[in-house]
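Coordinate analysis (summary)
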Amino acid sequence: MNSQYVVFPEANVVRVMDESVDPPAPGKILCRARKSLLSIGTETYCLRGDFDPGTNWGEWVQYPFRPGYSMAAEVVALGQGVTGVKEGQRVAAWVPHQGLFEISPEAVYPIPDSVSDEEATWMCLATTTQVAVRRAEHSLGEYVGVVGLGMLGQLIVQYLVLSGAQKIICIDPVSGRLEMAKAHGATDTLPINVSDARGEIAELTKGNMLDVVYDVTGHPAVLAYCIPLVRKLGRVILVGDTPNPTQQRLAPGVVSDSISILGIHGSMTPEHPSEFYRWTRRDVIALFYDYLQRGQMKVSDLITHRYKPSDAPQVYANIMQDRSSAMGIVFDWM
């Protein structure tokens with residue numbers, strides 16, 4: 001069977017290629033893509049290829065590189081001995097942008113009937129952001145800041161509403177992103193750079209400052225400006241993994257004010273529950289789907305663009321030049 005896929009053959013080059021895909025091997029399943037979500041920040045970093053040596057980025061991104069990791073698909077064939085999934089079943093998976101793919105049945109996640117393909121493509125990002133909010137260990141009534149209102153920042157705002165934050169203060173120079181955050185529960189929005197936010201935060205919190213601030217930008221300069229926004233014993237949550245950590249620096253007060261800095265990665269979910277922590281990746285995903293079905297979270301209105309996979313070179317060119325008007329970008333494989 002023939003299949004298309006998106007590939008970066010080298011830095012700053014995008015191609016759509018064809019390949020032949022065999023029937024699934026024993027113990028595997030074959031899936032056909034329905035929709036895949038472009039993770040704008042991650043995939044543009046991968047395309048640029050500008051990483052500090054020794055980083056997670058440098059180890060992961062090896063050209064030719066297949067971008068993408070947020071897929072809604074349909075099972076089209078079962079390998080010998082496979083049980084637990086059925087042909088025609090819709091599933092979500094961490095796989096690149098490609099029309100057909102072989103995968104282990106344990107690595108796919110069934111999509112509930114009432115969740116659309118487009119909604120299901122947010123599963124990977126919703127997992128990362130749920131891990132972030134869990135690690136922050138929020139209590140009721142906290143003052144929380146979110147710096148960077150891209151795809152991850154929008155999901156964090158919605159989880160913070162569910163976590164009982166009293167103030168959710170969003171900081172981003174792009175006003176359209178702030179409007180989206182406000183529609184999903186942000187209490188205050190600041191259309192400024194984080195470097196100019198300390199006075200505004202002091203005023204909004206009556207001098208108390210933030211209990212928690214999320215840096216969701218991936219920009220190395222932002223961490224130093226987030227630290228002064230939190231109170232003593234406050235927490236700074238790094239959700240955006242910068243490809244250039246050697247350019248990151250701390251600000252005064254980390255030690256003297258006992259500030260915690262927590263790094264977040266979506267892979268930090270256990271495969272099996274324990275008495276100490278029951279939230280496996282399947283549990284995290286199931287909760288996200290449950291919130292969608294109950295109307296407590298919403299991602300359909302975060303999708304701003306839809307394209308065919310053949311449009312990929314132009315799509316990436318557009319967001320490399322200016323991504324301020326884009327949020328959720330979906331490739332339609334059907």
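Scroll up for the structure.
Residues numbered from 1 in each chain as written. Predicted model: local features only at pLDDT ≥ 70, side-chain atom pairs only at ≥ 80, totals over all residues. Heavy atoms only, no water.

**Topic: the packing of helix 4 (residues 123–136) against helix 5 (residues 151–162)**
Describing two packed helices takes the angle between their axes plus the distance from one axis to the other. Here helix 4 crosses helix 5 at 55°, and the two axes come no closer than 9 Å. In terms of orientation, helix 4 and helix 5 fall into the oblique class. Classified by chirality, the crossing of helix 5 by helix 4 is right-handed. Of the residues in helix 5, those touching helix 4 at L125, A126, T128, T129, Q130 and V133 are M151, L152, L155, I156 and Y159. (Axes fitted to C-alpha atoms, helices over the stretch in contact; angles between N-to-C directions. Helix = DSSP H or I, 4+ residues; strand = E, 2+ residues; numbered from the N terminus. Parallel < 35°, antiparallel > 145°, perpendicular 65-115°, else oblique. Left-handed = near helix turned anticlockwise from the far one by under 90°. Contact = heavy atoms within 4.5 Å.)

**Overview of the packing of aromatic side chains**
Within the structure shown, the criterion is met by 10 aromatic pairs. Pairing W94 with Y109 gives two aromatic rings, centres 5.8 Å apart and planes at 70°, and the pair type is edge-to-face. With W94 in the loop between strand 5 (90–93) and strand 6 (100–103) and Y109 in strand 7 (residues 108–110), the pair connects residues that are 15 residues apart, well separated along the chain. Residue class for Y109 comes out buried when judged on its relative accessible area of 7%. (Phe/Tyr/Trp six-rings, centres within 6.5 Å; stacked < 30°, edge-to-face > 60°. Buried < 20%, exposed > 50% of the residue type's maximum accessible area, 1.4 Å probe, protein only.)

**Remarks on the pattern of salt bridges**
Tallied over the entire structure, the rule returns 12 salt bridges. Salt-bridge contacts for R235 lead to E142; the nearest nitrogen and oxygen are separated by 3.0 Å. Of the two residues, R235 is situated in strand 12 (residues 230–238) and E142 in the loop between helix 4 and strand 8 (143–147); the sequence distance between them amounts to 93 residues. Residue R235 shares its accessibility class with E142, and that shared class is buried. One salt bridge connects R177 with D172, and the closest N-O pair in it is separated by 3.4 Å. Take R177 and D172: they sit in the same class, and that class is buried. Among the charged side chains, a salt-bridge network with shared partners connects R34, E74, R90 and D117. (Salt bridge = Lys/Arg side-chain N within 4 Å of Asp/Glu carboxyl O.)

**As for helix 6 (residues 175–183)**
Those residues of helix 6 that sit buried are R177, L178, M180 and A181. Down the axis, helix 6 shows its buried residues gathered within 155° of arc, on one side only. Structural note: helix 6 exposes E179 and A183 on the side pointing more than 90 degrees away from its buried face. Positive backbone phi, approximately 120°, marks G185, located one or two places after helix 6. (Arc of directions from axis to C-beta.)

**Description of the state of the cysteines**
Counted by the stated rule, this structure contains 0 disulfides. Sulfur of C31: no disulfide; nearest cysteine sulfur belongs to C124 and is 14 Å away. With a relative accessible area of 0%, C31 lands in the buried category. There is no disulfide at C170, and the cysteine sulfur nearest it, in C226, is 13 Å away. (Disulfide = S-S within 2.5 Å.)

**What to know about the sheet that holds strand 12**
Pairing in this open sheet of 6 strands is parallel, and the strands run 10-9-8-11-12-13 from one edge to the other. With one partner strand each, in any of the chains shown, strand 10 (188–190) and strand 13 (260–263) form the two edges of the open sheet. Neighbour-to-neighbour, the strand axes of this sheet turn through a mean angle of 20°, independent of strand direction. The sheet contacts of helix 5 involve strand 8, strand 9 (167–171) and strand 11 (210–215), and relative to strand 8 the element is tilted by about 170°. Across the face of the sheet, helix 6 comes into contact with strand 9 and strand 10 while running at roughly 170° to strand 10. (Pairing = 2+ DSSP bridges.)

**Details of unusual backbone geometry**
Going from Y63 to P64, the amide bond is cis rather than trans, its omega being 0°. In this fold, P64 is placed in the loop between helix 2 (56–60) and strand 4 (71–78). Despite not being glycine, L233 shows a phi value in the positive range, around 65°. The backbone of S258 shows a phi angle near 55°, a positive value even though the residue is not glycine. When you line up the elements, S258 lands in the loop between strand 12 and strand 13. A residue is classified by how much of its surface remains accessible, and S258, at 40% relative accessible area, is partly exposed.

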